Amino acid sequence: MRIKYEQQKNNKYLHMKFNTKVIHGGQHHDPSTGAVMPPVYQTSTFVQSSPGKPLADYEYSRASNPTRTALEEALASIENGTRGLAFSSGLAATDCILRSFKAGDEIIAMDDLYGGTYRMFSRIYKDSGIKFHFVDMTDIEKFKSLINENTKLIWVETPTNPLMKLADIQEIAKITKENKILLAVDNTFATPYLQRPLDLGADIVMHSATKYLGGHSDVIAGALIVKDAALGDQLHFQQFATGATLGPMDSFLVLRGIKTLALRVQRHCENGEKVVEYLSNHPKIKTVYYPGLKNHPFHEIAKKQMKAFGGMVSFDFKSGKKEDSIAFLEKLKVFTLAESLGGVESLANHPALMTHASIPADKRAEVGITDDLVRLSVGIEDAEDLIADLEQALV
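Let us look at the structure shown here. A quick note: this is a predicted structure, and the numbers were derived from the prediction, not measured.

**A few points about the sheet that holds strand 14 (residues 374-377)**
Taken together, five strands build an open sheet; the order of strands is 10-11-14-13-12 and the sheet is mixed. Two strands lie at the open edges of the sheet, namely strand 10 (285-289) and strand 12 (336-337), each paired on one side alone. Where strand 13 (residues 347-349) meets strand 14, three bridges bridge the pair, whose relative direction is antiparallel. Note on strand 14: the bridge partner recorded for Ala 348 is Leu 376.

**A word on the packing of aromatic side chains**
All told, the structure shown has 10 aromatic pairs when counted by the stated rule. Measuring from ring centre to ring centre gives 5.6 Å for Phe 46 and Tyr 58, while their planes differ by 35°; the resulting arrangement is tilted. A residue pair is termed long-range when its members are at least 10 positions apart, and Phe 46 in the loop between helix 1 (18-24) and strand 1 (48-50) and Tyr 58 in the loop between strand 2 (53-54) and helix 2 (66-78) qualify at 12 residues. Like Tyr 58, Phe 46 is buried. Ring geometry for Phe 317 and Phe 328: centres 6.2 Å apart, planes at 65°, overall edge-to-face. Taken together, the residues span a long stretch of sequence, with Phe 317 in strand 11 (residues 312-317) and Phe 328 in helix 12 (residues 322-331) at a distance of 11 residues. The exposure class assigned to Phe 317 is buried, which follows from its relative accessible area of 5%. Owing to a relative accessible area of 1%, Phe 328 belongs among the buried residues under this scheme. Put simply, the rings of Tyr 118, Phe 121, Phe 132, Phe 134 and Trp 155 touch in pairs and so form one group of aromatic residues.

**Considering the pairing of strand 9 (residues 222-226)**
Among the five residues that make up strand 9, five are buried, leaving the element largely enclosed by the rest of the structure. The two faces of strand 9 match: Gly 222, Leu 224 and Val 226 on one face and Ala 223 and Ile 225 on the other face are all buried. Bridge count for strand 3 (residues 83-87) against strand 9 is five bridges, and the pairing is antiparallel. Residue pairing for strand 9: Leu 85 is matched across the bridge by Leu 224. Two elements, strand 8 (residues 204-208) and strand 9, share five bridges in a ladder whose sense is antiparallel. If you follow Ser 208 over to strand 9, its bridge partner there is Gly 222.

**Things to note about the pairing of strand 8**
Where burial is concerned, most of strand 8 is hidden: five out of the five residues are buried. Neither face of strand 8 is exposed, since Ile 204, Met 206 and Ser 208 on one face and Val 205 and His 207 on the opposite face are all buried. Two elements, strand 7 (residues 182-186) and strand 8, share three bridges in a ladder whose sense is parallel. Paired with Val 185 across the bridge in strand 8 is Val 205.

**Examining the packing of helix 2 against helix 9 (residues 248-259)**
When two helices pack together, their arrangement is captured by the angle between the axes and the distance separating the axes. Packing of helix 2 against helix 9 brings their axes to within 8 Å, and their N-to-C directions diverge by 35°. Remark: the crossing between helix 2 and helix 9 carries left-handed chirality. Each of Thr 67, Arg 68, Ala 70, Leu 71, Ala 74, Leu 75 and Ile 78 in helix 2 lies in contact with helix 9, whose residues at this interface are Pro 248, Ser 251, Phe 252, Val 254, Leu 255 and Ile 258.

**So, the nonpolar core**
If you look at the biggest cluster of nonpolar residues, it comprises 111 residues, and the most contacted ones within it are Met 137, Leu 279, Phe 328 and Leu 376. Tallying contributions element by element places helix 10 (residues 261-280) first for this core, with eight residues. Apart from the residues lying within four places of it in its own chain, the contact partners of Phe 328 are Phe 315, Phe 317, Val 374, Leu 390, Ala 393 and Leu 394.

**Regarding the side chain of Gln 239**
Here Gln 239 is to be found in helix 8 (residues 229-242). Excluding residues within four positions of it along the chain, Gln 239 makes contact with Glu 72, Leu 85, Ala 86, Phe 87, Cys 96, Ala 244 and Thr 245.

**Remarks on the environment of Asp 186**
With respect to the helices, strands and loops of the structure, Asp 186 is situated in strand 7. For Asp 186, a relative accessible area of 6% gives the class buried. C-alpha of Asp 186 to C-alpha of Met 206: the two residues are 20 residues apart in sequence and 4.7 Å apart in space. When near neighbours in sequence (up to four residues on either side) are disregarded, Asp 186 contacts Trp 155, Val 156, Glu 157, Thr 158 and Met 206. Among the polar contacts made by the side chain of Asp 186, one reaches the side chain of Thr 188 at a distance of 2.7 Å.

**Brief notes about helix 2**
The first and last C-alpha atoms of helix 2 sit 19 Å apart over 13 residues, in line with the 18 Å expected at 1.5 Å per residue. The buried fraction of helix 2 is high, at 13 of 13 residues. For helix 2, the N-terminal cap is Asn 65; the gap from its side-chain oxygen to the backbone nitrogen of Thr 67 is 2.9 Å. Of the residues trailing helix 2, Asn 80 is marked for its positive phi of about 60°.

**Section: helix 6 (residues 169-178)**
In an α-helix, one turn spans 3.6 residues; hence positions three or four apart end up facing the same way. Turning to helix 6, its buried residues are Ile 169, Ile 172, Ala 173, Ile 175 and Thr 176. For helix 6, the angular spread of buried residues about the axis comes to 160°, placing them on one side. Where helix 6 is buried, its residues contact helix 5 (140-145), strand 6 (151-157), strand 7 and helix 11 (299-305). The opening residue of helix 6 is Asp 168, an N-cap whose side-chain oxygen sits 3.3 Å from the backbone nitrogen of Gln 170. Where helix 6 terminates, the next one or two residues include Lys 180, which has phi positive at roughly 55°.

Analysis parameters
- Residues numbered from 1 in each chain as written.
- Predicted model: local features only at pLDDT ≥ 70, side-chain atom pairs only at ≥ 80, totals over all residues.
- Heavy atoms only, no water.
- Pairing = 2+ DSSP bridges.
- Helix = DSSP H or I, 4+ residues; strand = E, 2+ residues; numbered from the N terminus.
- Phe/Tyr/Trp six-rings, centres within 6.5 Å; stacked < 30°, edge-to-face > 60°.
- Buried < 20%, exposed > 50% of the residue type's maximum accessible area, 1.4 Å probe, protein only.
- Axes fitted to C-alpha atoms, helices over the stretch in contact; angles between N-to-C directions.
- Left-handed = near helix turned anticlockwise from the far one by under 90°.
- Contact = heavy atoms within 4.5 Å.
- Core = buried A, V, L, I, M, F, W, Y, C linked by side-chain atoms within 4.5 Å.
- Polar contact = N/O pair within 3.5 Å; in protein donor to acceptor, adjacent residues only side chain to side chain.
- Expected span 1.5 Å × (residues − 1).
- Arc of directions from axis to C-beta.

See below:
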């Protein structure tokens, strides 16, 4: 099935500043009604005037749907890519990339990863013949030592989930280009408001659009954005052929979320810094993991490649006791104890028991995910209320 995909309809979008681009980039009013927001085209198929001759650019919604296309063009615009693809989840987007490789190929990934990504790499693809290496990519020499003629992809998550480690995208991109290896970056935590990996040399950007792009905890979605049009065509074919596409209503919700991305992430950052300041001075807290802290080991990298430092914060306790973290989480009243992140509401999570439970305990310990570690997704409420909630929960 062949579709026409219009990339960057108007060059003016390439030169817009970000706050304008999230609202207008790659977007146009509905040509049939003049609707400001793209309608939800809740249809599975489209009429043809003659066999193989659709009336417009659409034949079947698994291949393309006007609402999803509007989202995909917005995604391409805000990440400065040539093509965006919207998926039924972030893991579906990741899976689409992995379908580009075959037995004998090797993939090098960060050692500190979202639990679902690690599960996919280590369990779903364990019998595929693809070899995965997990390495601390803050150690560039160690990372380089793993590259060989079979290496086809480098998978970077920065900042990482949940330990907030950073990888230098620009430096890694120099190495991947020298060796003709694809570089994919999970940009979920940073969002394109704070960090644009394609501009730093990456080939593919992945998002769990469930998180900050959607922003309201009401949709499950994923996204890929690429620079190279041919790679975009390849990934689209793999998406179309395997079917993990995003439905029109969910596409509408993510597109709506993107319109306020800049405002929301700015507030997430402001509140995150205030929460970090409070936690850093609390007598029960041992270490706060946040790239905005001057004593964070990768603070200089964060300053170089991020606009600000985000709303994700992790910390552990001086006692080192799992029981202390559980008691804290059970006392929270404004922060909601739940998986996920990036919504307008503040969420709290216990990685070892929740989002990263699928990672074996020895592997968690190896990378530093302790049993008393807590991860916060700082929302956009009043910071004073968030700090008061933390204070009463830490008593």
